Amino acid sequence: MELTQRTFTKGGWDQPLPQNLDSDRTLVLVFGATSFLDDPAALGQIADAMPRSHRVGCSTSGEIEGTRVRDESLSVAIAKFARTEIGTASVDVTPETSFAAGAAVAKKLAARPGLKAVLLLSDGLAVNGTALAEGVSSVLPPSVVVSGGLAGDGDRFKRTWVLEGSVPRQGRLSAVGLYGDDVIVGHGSSGGWDKFGPERTVTAAMGNVLHSLDGRSALELYKEYLGDRASGLPATGLLFPLAIRSKDHDKVLVRTVLAVDEAAGTLTFAGDIPVGCRAQLMKANFDRLISAASDAAAMTRQTTSAPTDGPVLSLAISCVGRRLVLAERTEEELEATADQLAPGSVQVGFYSYGELSPYGTDGRCDLHNQTMTLTVLGERA
């Protein structure tokens, strides 16, 4: 597998695009600012230089390039596999059709034999991430590793895009399938947030819209905890995610606020909040957030499908809430993950509105929020 990366900023490309790596077995991952919706010329340049390659990507709340995070740029990773086959699929997605959209792309990719891994990139606002993950899992067996994320738009929550060919499009879901026995895949996801306050019961919710906790308005409870920061919702809600668990299960998932409805007194999250589950607010612990990023990197070694000491492509997807909390320390979590990669590896990714990855070492894909989620890709020598 041949690996390289490129960066586009206002000054142009840092290096010429590697036309010699263009092939049917080349994967090009592209992560960029929302503003490329208005001026997609640089995205077209990638397509012109690498027309045979499989190009996928999305908008971000910060572009990851190695151990650096940028804004208003394109972060591009290029991996040319020697024997691994690649396929792509894309469909429209809305919050109401997320399950069907996930199932549809999974069926398209699974129609080809030898599927080993799927990368999903979705519009970050027009989606129910829980339903999306469930739709994919309803089709694919746990042996197929499914990971990815929801596109971002800084802390604005206005518009996001997913790349299709050379065109950034809203309201779309794209998926990449990797095929064959030579591809090596690993995954890891960890949060590091601290719970605080009482654990409450979800007494009214519909899908990813939360109405009440312990019979009280969820929005009013959030405002009580946020105090002066409540005026900045939904962005300030990223600083206080919600941990949810079923009454009879220790599995804890984290949910991030995407929108508020003042008239209805409700909060919309990136994923479902089931009625009857237990919910508790969370807050940041700086050192634990960075330690969790290192834990996610260690987990990729535990879950890697075959031993590899060679270079890998590391896809790092971290939540925008982590970036807002860590602020000037944000790059420390990227350093923590990169430190565990083999020499010659390439790390790219983005800050997101939600992360998709198996829970722990389990094979089934879940929606996560406020985590550092890593997917490593390699190929047998």
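Up top is the structure these notes are about.
Residues numbered from 1 in each chain as written. Predicted model: local features only at pLDDT ≥ 70, side-chain atom pairs only at ≥ 80, totals over all residues. Heavy atoms only, no water.

*Asks:* What should I look at first to understand the nonpolar core in this one?
*Replies:* Counting residues in each nonpolar core, the largest one holds 42 residues, and the members touching the most others are L210, Y222, L242, F269 and I273. Not counting chain neighbours up to four residues away, the residues in contact with F269 comprise N208, L210, Y222, L242, R255, T256, V257 and L258. V93, V118, C319 and L367 belong to the second-largest nonpolar core, a separate cluster that totals 32 residues. (Core = buried A, V, L, I, M, F, W, Y, C linked by side-chain atoms within 4.5 Å. Buried < 20%, exposed > 50% of the residue type's maximum accessible area, 1.4 Å probe, protein only. Contact = heavy atoms within 4.5 Å.)

*Asks:* Quick question: what am I supposed to make of the environment of L150 here?
*Replies:* Here L150 shows up in strand β10 (residues 145-150). With 27 residues separating them in the primary sequence, L150 and D123 have C-alpha atoms 5.9 Å apart. Residues contacting L150, with those up to four places away along its chain left out, are S122, G124, V127, L132, A270, F350, S352, Y353, G354, L356 and L367. (Helix = DSSP H or I, 4+ residues; strand = E, 2+ residues; numbered from the N terminus.)

*Asks:* Teacher, can you tell me more about the pattern of salt bridges here?
*Replies:* Oppositely charged side chains can pair when the atoms bearing their charge come close. Applying the stated rule across the entire model yields 22 salt bridges. Where D71 meets R323, a salt bridge forms, and the shortest distance between an N and an O atom there is 2.8 Å. In this pair, D71 sits in the loop between β6 (68-70) and β7 (74-80) while R323 sits in helix α6 (residues 320-326), placing the two residues 252 residues apart along the sequence. Residues E199 and R278 are paired through a salt bridge, measuring 3.4 Å at the closest nitrogen-oxygen approach. Of this pair, E199 sits in the loop between β15 (194-195) and β16 (200-206) while R278 sits in strand β23 (residues 278-283), and the two are 79 residues apart along the sequence. (Salt bridge = Lys/Arg side-chain N within 4 Å of Asp/Glu carboxyl O.)

*Asks:* Sorry if this is basic, but what is going on with the state of the cysteines here?
*Replies:* Note on terminology: disulfide describes a covalent bond linking the sulfur atoms of two cysteines. Tallied over the entire structure, the rule returns 0 disulfides. Among the cysteines around C277, which has no disulfide bond, C319 carries the closest sulfur, lying 18 Å off. A residue is classified by how much of its surface remains accessible, and C277, at 6% relative accessible area, is buried. (Disulfide = S-S within 2.5 Å.)

*Asks:* What's the story with the sheet that holds strand β25 (residues 346-352) in this structure? I'm lost.
*Replies:* In sheet architecture, strand pairing relies on hydrogen bonds along the backbone and comes in two forms, parallel and antiparallel. Read from one edge of the open sheet, 6 strands run β6-β5-β25-β24-β28-β14, paired in mixed fashion. Each end of this open sheet is capped by a strand with a single partner; those strands are β6 and β14 (183-190). Each strand axis lies, on average, 20° off the axis of its neighbour in the sheet, ignoring direction. Bridge analysis of strand β5 (residues 63-65) against β25 gives 3 bridges, and the strand direction is antiparallel. Counted as the bridge partner of E63 is F350 from β25. The strands that helix α5 (residues 286-303) touches are β14 and β28 (372-379); relative to β14, the one it contacts most, it runs at about 150°. Sitting on the sheet, helix α7 (residues 330-338) is in contact with β5, β6, β24 (313-319), β25 and β28, with an inclination near 140° to β25. (Pairing = 2+ DSSP bridges. Axes fitted to C-alpha atoms, helices over the stretch in contact; angles between N-to-C directions.)

*Asks:* Looking at this model, I keep getting lost on the environment of T266. Mind explaining?
*Replies:* Assignment of secondary structure puts T266 in strand β22 (residues 266-269). By relative accessible area, T266 is classed as buried at 4%. In this structure the C-alpha to C-alpha distance between T266 and T160, which are 106 residues apart in sequence, comes to 23 Å. Ignoring sequence-local partners within four residues, the contact set of T266 consists of V209, L210, H211, L219, A259, V260 and D261.

*Asks:* Hey, could you run me through the environment of E331 in this one?
*Replies:* The residue E331 is located in helix α7 in this model. Once the C-alpha coordinates of E331 and G207 are considered, the two residues, 124 residues apart in sequence, prove to be 34 Å apart. Once you skip the residues sitting within four places of it in the chain, E331 turns out to touch T67, R68 and V69. A polar contact is formed between the side chain of E331 and the backbone nitrogen of V69, at a distance of 3.2 Å. (Polar contact = N/O pair within 3.5 Å; in protein donor to acceptor, adjacent residues only side chain to side chain.)

*Asks:* Would you take a moment to explain the packing of aromatic side chains for this structure?
*Replies:* The geometry of an aromatic ring pair comes down to the distance between the two centres and the angle between the two planes. As enumerated under the stated definition, the model contains 7 aromatic pairs in all. Summarising the aromatic geometry, the rings of F8 and F36 are spaced 6.2 Å apart at their centres and angled 65° between planes, so their arrangement reads as edge-to-face. A residue pair is termed long-range when its members are at least 10 positions apart, and F8 in strand β1 (residues 2-9) and F36 in the loop between β3 (26-32) and α1 (41-49) qualify at 28 residues. The same class applies to F8 as to F36, namely buried. Aromatic rings pair up to connect F8, W13 and F36 into one cluster. Across the ring face of F196, the terminal group of K283 is positioned such that the distance to the ring centre comes to 5.3 Å. (Phe/Tyr/Trp six-rings, centres within 6.5 Å; stacked < 30°, edge-to-face > 60°. Lys NZ or Arg CZ within 6 Å of the ring centre and 35° of its normal.)

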